[in-house]
Amino acid sequence: MASVPFTRKDRVPCRHFQQGKCNRGKSCPFSHAEKADAPKNTALTAILKLVFEKHADRLLPDGGRMLDLSEFAKCPDLEKVANSVDFDAAAFCEAVVSVVRSLHVDVHFIRLDKNNIRSLNHFLKALERADLHNGIRALSAADNNIATLEFVKRLKPFSNLAEVQFLGNPVADQPDYRSAIRKGLPDLEG
């Protein structure tokens with residue numbers, strides 16, 4: 001009888017974590033480790049860099065103080081890779097943020113409207129890792145598919161955040177939506 005190699009679950013990546021949806025934290029038996037030795041998606045990063053350079057007026061209006069990624073998959077020159085435009089994927093978010101960081105812009109406002117986003121965890125984590133989070137004053141992720149308030153704890157390190165917009169998401173229909181955001185992010189204006 002052939003032996004089957006034993007695989008430790010803690011070495012198997014958690015597919016829910018990779019989608020930004022694992023809520024088991026340290027009790028999850030699967031790995032939540034980032035793929036540090038995995039090669040960066042250089043092809044995607046190169047394409048994104050070209051798109052940002054070519055469409056800077058649309059993506060980085062106001063001298064780069066705004067990062068407008070609304071309906072990003074519809075951006076010209078992304079048609080052939082539209083399936084790779086996935087804000088629920090860690091690799092995509094890391095690639096976008098690395099390109100923004102390489103452009104040396106001082107982003108204060110981010111628009112992620114109408115991107116079919118289910119979770120902001122990967123994008124917010126990428127901003128924090130790139131040390132771009134402290135400059136962010138406003139974040140809009142309106143008209144996506146965000147259904148939970150999990151993003152609130154991820155926004156706590158954004159020390160200058162004054163305004164958030166999540167209308168048009170299922171989470172905005174929850175009765176405790178506003179109070180939960182106020183409680184988790186008491187420094188917001190308005």
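Everything numeric here is computed off the predicted structure, so don't read it as measured data.

## A short note on the overall build of the protein
Each helix and strand counted, the protein has seven helices and four strands in total. When the helices and strands of the protein are listed from N to C terminus, the series reads α-α-α-β-α-β-α-β-α-β-α. Here the protein holds 190 residues, and 38% of them are scored as buried. Within the protein, contacts between residues at least 6 apart in sequence are counted, and of these 69% link residues at least 24 apart. Working note: accessible area of the protein is about 11200 Å², and carbon and sulfur atoms make up 51% of it.

## Let's talk about the packing of helix α2 (residues 42–54) against helix α4 (residues 90–102)
At a minimum axis separation of 9 Å, α2 and α4 run at an interaxial angle of 45 degrees. It follows from the interaxial angle that α2 and α4 lie oblique. At the point where α2 passes α4, the crossing takes the right-handed sense. Judged by residue contacts, Leu44, Thr45, Leu48, Lys49 and Phe52 of α2 engage Phe92, Ala95, Val96, Ser98, Val99, Val100 and Ser102 from α4. Residues that form the contact of α2 with α4 fall into these classes: eight nonpolar, three polar and one charged.

## Comments concerning unusual backbone geometry
Here the phi dihedral of Asn116 falls at roughly 60 degrees; this positive angle occurs in a residue that is not glycine. Positionally, Asn116 belongs in the loop between β2 (109–111) and α5 (121–129). A positive phi angle, near 55 degrees, is found at Asp143, a position not held by glycine. Within the secondary structure, Asp143 is located in the loop between β3 (138–140) and α6 (151–155).

## Here's the deal with the environment of Val107
Relative to the assigned elements, Val107 resides in the loop between α4 and β2. The exposure class of Val107 is buried, given its relative accessible area of 9%. Residues Val107 and Arg65, 42 residues apart in the sequence, show an inter-C-alpha distance of 4.2 Å. Val107 has contacts with Gly64, Arg65, Leu67, Val100, Gly135 and Ile136, leaving out every residue within four places of it along the chain.

## Details of the pattern of salt bridges
Counted by the stated rule, this structure contains eight salt bridges. Here Arg111 ties to Asp113 by a salt bridge, and the two come within 3.0 Å at their closest N and O atoms. Judged by its relative accessible area of 26%, Arg111 falls in the partly exposed class. Salt-bridge contacts for Glu189 lead to Arg137; the nearest nitrogen and oxygen are separated by 3.5 Å. A residue pair is termed long-range when its members are at least 10 positions apart, and Glu189 in the segment after α7 (177–184) and Arg137 in the loop between α5 and β3 qualify at 52 residues. Here the residues in one salt-bridge network are Asp68, Arg111 and Asp113, joined through shared partners.

## Looking at α4
Over its 13 residues, α4 extends 18 Å from the first C-alpha to the last, a length consistent with the 18 Å expected when each residue adds 1.5 Å. By the burial criterion, the buried members of α4 are Phe92, Cys93, Ala95, Val96, Val97, Val99 and Val100. Where α4 is buried, its residues touch α2, β1 (66–68) and α5. At the exit of α4 stands His104, carrying a positive phi of roughly 55 degrees.

## Topic: the sheet that holds β2
Here we have four strands laid out as an open sheet, ordered β1-β2-β3-β4, and parallel in their pairing. Strands at the two margins of the open sheet, each flanked by one partner only, are β1 and β4 (163–165). On average, adjacent strands in this sheet sit at an angle of 5 degrees to one another, irrespective of strand direction. Bridge analysis of β3 against β4 gives three bridges, and the strand direction is parallel. What sits directly across from Leu139, in β4, is Val164.

Reading guide: rules and limits
Residues numbered from 1 in each chain as written. Predicted model: local features only at pLDDT ≥ 70, side-chain atom pairs only at ≥ 80, totals over all residues. Heavy atoms only, no water. Helix = DSSP H or I, 4+ residues; strand = E, 2+ residues; numbered from the N terminus. Buried < 20%, exposed > 50% of the residue type's maximum accessible area, 1.4 Å probe, protein only. Contact = heavy atoms within 4.5 Å. Areas by Shrake-Rupley, 256 points an atom, 1.4 Å probe, with all protein chains shown as cover. Axes fitted to C-alpha atoms, helices over the stretch in contact; angles between N-to-C directions. Parallel < 35°, antiparallel > 145°, perpendicular 65-115°, else oblique. Left-handed = near helix turned anticlockwise from the far one by under 90°. Nonpolar A, V, L, I, M, F, W, Y, C, P; charged D, E, K, R; others polar. Salt bridge = Lys/Arg side-chain N within 4 Å of Asp/Glu carboxyl O. Expected span 1.5 Å × (residues − 1). Pairing = 2+ DSSP bridges.

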